[in-house]
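# Topology and contacts: notes
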Amino acid sequence: MIGKLKGMVDSFGDDWVLIDCGGVCYEVHCSSRTLQSLPRVGEAAVVFIETILREDLIRLFGFATEAEKSWFLLLTTVQGVGARVALSILSVLTPAELSSAVALQDKAMVGRANGVGPKLAVRIVTELKGKVPAIGAIDAGTLGLQTALGEGVAKSNVADAVSALTNLGYSSAQASAALARVVAKEGEDAATEKLIRLGLRELST
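Residues numbered from 1 in each chain as written. Predicted model: local features only at pLDDT ≥ 70, side-chain atom pairs only at ≥ 80, totals over all residues. Heavy atoms only, no water.

### Here's the deal with the nonpolar core
Leu75, Ile89, Val116 and Ile124 are the most contacted members of the largest nonpolar core, which totals 27 residues. Here this core takes 6 residues from helix H3 (residues 83–92), the largest share from any one element. (Core = buried A, V, L, I, M, F, W, Y, C linked by side-chain atoms within 4.5 Å. Buried < 20%, exposed > 50% of the residue type's maximum accessible area, 1.4 Å probe, protein only. Helix = DSSP H or I, 4+ residues; strand = E, 2+ residues; numbered from the N terminus.)

### So, the pairing of strand S5 (residues 58–63)
Along a regular strand, successive side chains alternate from one face of the sheet to the other. Pairing between strand S3 (residues 24–30) and S5: 3 bridges, direction parallel. Within the sheet, the bridge partner assigned to Cys30 lies in S5 and is Gly62. Pairing of strand S4 (residues 44–53) with S5 involves 6 bridges; the strand directions are antiparallel. Each bridged residue has a counterpart across the sheet, and for Thr51 the counterpart in S5 is Leu60. (Pairing = 2+ DSSP bridges.)

### Some remarks on the packing of helix H2 (residues 66–75) against H3
Packing of H2 against H3 brings their axes to within 9 Å, and their N-to-C directions diverge by 135 degrees. Here H3 runs oblique to H2, going by the angle between their axes. As for how H2 packs across H3, the hand of that crossing is right-handed. Seen from H2, the contacting residues are Glu68, Trp71, Phe72 and Leu75; seen from H3, they are Ala83, Ala86, Leu87, Ile89 and Leu90. Each residue belonging to the contact of H2 with H3 can be placed in one class, and the counts come to 8 nonpolar, no polar and 1 charged. (Axes fitted to C-alpha atoms, helices over the stretch in contact; angles between N-to-C directions. Parallel < 35°, antiparallel > 145°, perpendicular 65-115°, else oblique. Left-handed = near helix turned anticlockwise from the far one by under 90°. Contact = heavy atoms within 4.5 Å. Nonpolar A, V, L, I, M, F, W, Y, C, P; charged D, E, K, R; others polar.)

Written as structure tokens, this is what we have:
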């Protein structure tokens, strides 16, 4: 079983890359995010591999990080999510953003991916809730804030600050992470305006 490939980038396709490992070129299917992160043709690359075997084919899927690979495996446990749909989701959402979407039960965020309709988005966030902490790329403070927001129990000033930051174009994962750090320092009773100001400062560093 192939777990990782180290070699030279030979060429790119729409959703794949050829990795030359000592003269043997492996075709590896990747998310657009992973493809964009790879070096140029002729340069050395490392990709984490998941191999899918079927009666009629053997296909390699590659990932820039182990977290992305873990999310691929987790996503494909959901009924209706095959390898292509999982890659589509990973093309538009980082592991941290996926962790946020599941923690907040944010079906709209997951629904941004091609091939993910409203019903499938609901199934994904519902079935994966509770499984994310094992592989989620967010710390305990961020996850705690996101869970409180998702369950409607976060204080209004904190919830309003998160909303304000997301309205400015930041993802809910970015806003929650920044405000979790602010709340840890300033306390959850800080004024909304102060939380927004300090949150913006966290996001700019």
